[in-house]
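# Summary of structural features
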Amino acid sequence: MTIDRISVLGGGAWGTALAQTCARAGRSVTLWEYDAGNAEHLAGKRESRFLPGVRLEDAIKVTRDLTEAARADAILLVVPAQALRSVVTSLGQAISDKTPLIACAKGIEHGTHKFMTEIIAECAARATPAILSGPSFAADVARGLPTAVTIAAPDADVAQALAQAINSGTFRPYHSTDVRGVELGGATKNVLAIAAGIVTGRGLGASALAAMTTRGFAELVRFGKACGAKTETMMGLSGLGDLILTCSSPQSRNFSCGVALGKGEKPDSAAHGKLAEGVFTAPVLLEMAREKNVEMPISAAVAAVLAGKLSVDAAIESLLTRPIKSE
């Protein structure tokens, strides 16, 4: 499988960073951006508004023409999880048969409870769904700092070809066939990162943060097993690795949202206008956990705080007063 032309749909920080690394890997890159103002800025200034000081590689072409972007050997979908369906539907018949469509958003769709690759399969039957996830911040990737992620596709050869195509040396993708495990880890850790931020914002200390992260990981593993994910995937980059990163750094929008909640801000203002996927994922994750009879008390507490059903202090008390049991 030859992958020379790669399109990246979404000109935000993460989309621009991935376009950068694909160009550094020697690929011809088309960066599609829906917003006219941002597309003009990217094309004219050759710099992202979200990544100041990072110059776009010469191999990156910026466009607003989705049909042009569809003419690629592989397409990275770097749009918010709740917008993925509309973008993939718009691609329609423009893509060639078996073109890999790689979801790079970490979330679960509201209402349908579908994961990102399920949406791709439903809306673009001609495509090959895949997922990219792992511990990575856009600013690090854009600047060429060492980063490792996981890319998964049902076919091992496709997953390996995609990993090779976007490997730039400092950006190192590992390949997998456990699609569900990779996308589940990315979605679940966003909710847990909000919990970690709450602990930090409330000033509960490093010991509490370590306890929350560890017990949160136990929730992630339980939910993963119930959904058919492999335990080794949960222990890898897209599970434990991503959880460690986003539960410990203010660069994480989900963590920062939690910090704001912990400091007393209201749920509707805690994200400060920034996209924190965990806010959208929390209620869906809780619904799915209940359907599968999986106990996820930390995630449930986050969902209750975000919905205004529990105060932060009440949520913390509910977790601390749970019955003592074996680990």
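Residues numbered from 1 in each chain as written. Predicted model: local features only at pLDDT ≥ 70, side-chain atom pairs only at ≥ 80, totals over all residues. Heavy atoms only, no water.

### Focus on the overall build of the chain
Where we set the bar: Secondary structure counts use DSSP, requiring at least four H or I residues in a row for a helix and at least two E residues in a row for a strand, with both numbered from the N terminus. Only C-alpha atoms enter the radius of gyration, while the globule expectation follows 2.2 Å times N to the 0.38, with N the number of residues. Exposure classes here rest on a 1.4 Å probe applied to the protein chains alone. A residue is buried below 20% of its type maximum, exposed above 50%, and partly exposed in between. Lys and Arg are tallied as positive, Asp and Glu as negative. Neither His nor the chain termini are counted. The atoms used to mark charge sites are NZ of Lys, CZ of Arg, CG of Asp and CD of Glu.
Along the chain, the regular secondary structure elements total 15 helices and eight strands. Here the chain has a C-alpha radius of gyration of 19 Å; the compact-globule value for 327 residues is 20 Å, and the two agree. In terms of principal-axis extent, the alpha carbons of the chain reach across some 55 × 40 × 35 Å. Per-residue burial for the chain yields a buried fraction of 54% across its 327 residues. Counting 33 positive and 31 negative side-chain charges, the chain places the averaged centre of each group 2 Å from the other.

### A look at the packing of helix α8 (residues 179–201) against helix α14 (residues 297–306)
Quick note on the threshold: Note on method: axes are straight lines fitted to C-alpha atoms, helices fitted across the in-contact stretch only, with angles between N-to-C directions ranging 0 to 180 degrees. Roughly parallel covers angles under 35 degrees, roughly antiparallel covers those over 145, roughly perpendicular covers 65 to 115, and oblique covers all other angles. Working rule for contacts: check all heavy atoms of both residues, and any pair within 4.5 Å makes them a contact. Classes in brief: Ala, Val, Leu, Ile, Met, Phe, Trp, Tyr, Cys and Pro nonpolar; Asp, Glu, Lys and Arg charged; the others, Gly included, polar.
Where α8 meets α14, the axes come as close as 9 Å, and the angle between the chain directions of the two elements is 75°. The pairing of α8 with α14 is recorded here as roughly perpendicular in orientation. Only I298, S299, V302 and L306 of α14 make contact with α8, whose side of the interface consists of V191, L192, I194 and A195. A class-by-class count of the residues in the contact of α8 with α14 yields seven nonpolar, one polar and no charged.

### A word on empty space enclosed by the protein
In plain terms, the rule: Only protein atoms enter the calculation, which uses a 1 Å grid: trapped sets of points that fit a 1.4 Å probe without letting it out are cavities, open sets showing protein on both sides within 12 Å along at least five of seven lines are pockets, and any residue with an atom within 4 Å of a point is a lining residue. Grid points are joined across faces, edges and corners, and a volume is the space filled by probe spheres set on the points.
Per the counting criterion, the structure on display carries two cavities of 30 Å³ or more. In this structure, the largest cavity occupies an estimated 40 Å³ of space. As for the largest cavity, its lining consists of I3, I6, A74, L76, I102, I151, L162, A165 and I166. Elements with a minimum of two residues in the lining of the largest cavity: β4 (74–77) and α7 (156–165). Roughly 30 Å³ of internal volume is contained in the second largest cavity. Lining of the second largest cavity is provided by A105, K106, G107, M116, I131, S133, V182 and E183. Of all elements in the fold, only β6 (128–133) and α8 reach the threshold of two or more residues within the lining of the second largest cavity. Its residues assigned to classes, the lining of the second largest cavity comprises four nonpolar, two polar and two charged.

### Focus: the sheet that holds β4
As a reminder, the rule being used: For two strands to count as paired, DSSP must find a minimum of two bridges between them.
The eight strands are arranged β3-β2-β1-β4-β5-β6-β7-β8 in an open sheet whose pairing can be described as mixed. Only two strands of the sheet have a single neighbouring strand rather than two, namely β3 (60–63) and β8 (171–176). The mean angle between the axes of side-by-side strands here comes to 25°, regardless of whether they run parallel or antiparallel. Sheet contacts for helix α4 (residues 84–91): β1 (5–9), β4 and β5 (100–103); angle to β4, the most-contacted strand, approximately 155°. Sitting on the sheet, helix α5 (residues 116–123) touches β4, β5 and β6, and the angle it makes with β6 is about 155°.

### Description of the layout of surface pockets
In this model, the second largest pocket occupies a volume close to 740 Å³. Forming the boundary of the second largest pocket are 26 residues, of which R215, I298, L319, L320 and R322 lie nearest the centre. Those elements that place two or more of their residues in the lining of the second largest pocket are α8, α9 (206–226), α14 and α15 (312–320). The biggest single contributor to the lining of the second largest pocket is α9, with six residues. Class assignment for the residues of the lining of the second largest pocket results in 19 nonpolar, one polar and six charged.

### A few points about the side chain of T99
Within the secondary structure, T99 is located in the loop between α4 and β5. Setting aside anything within four residues of it in sequence, one finds T99 in contact with A72, D73, A74, I75, R126, A127 and T128.

### Points about helix α12 (residues 253–262)
α12 sits mainly inside the fold: eight of its ten residues count as buried. Taken together, the buried positions of α12 are occupied by N254, F255, C257, G258, V259, A260, L261 and G262. Positive phi shows up at G264, right after α12, with a value of about 105°.

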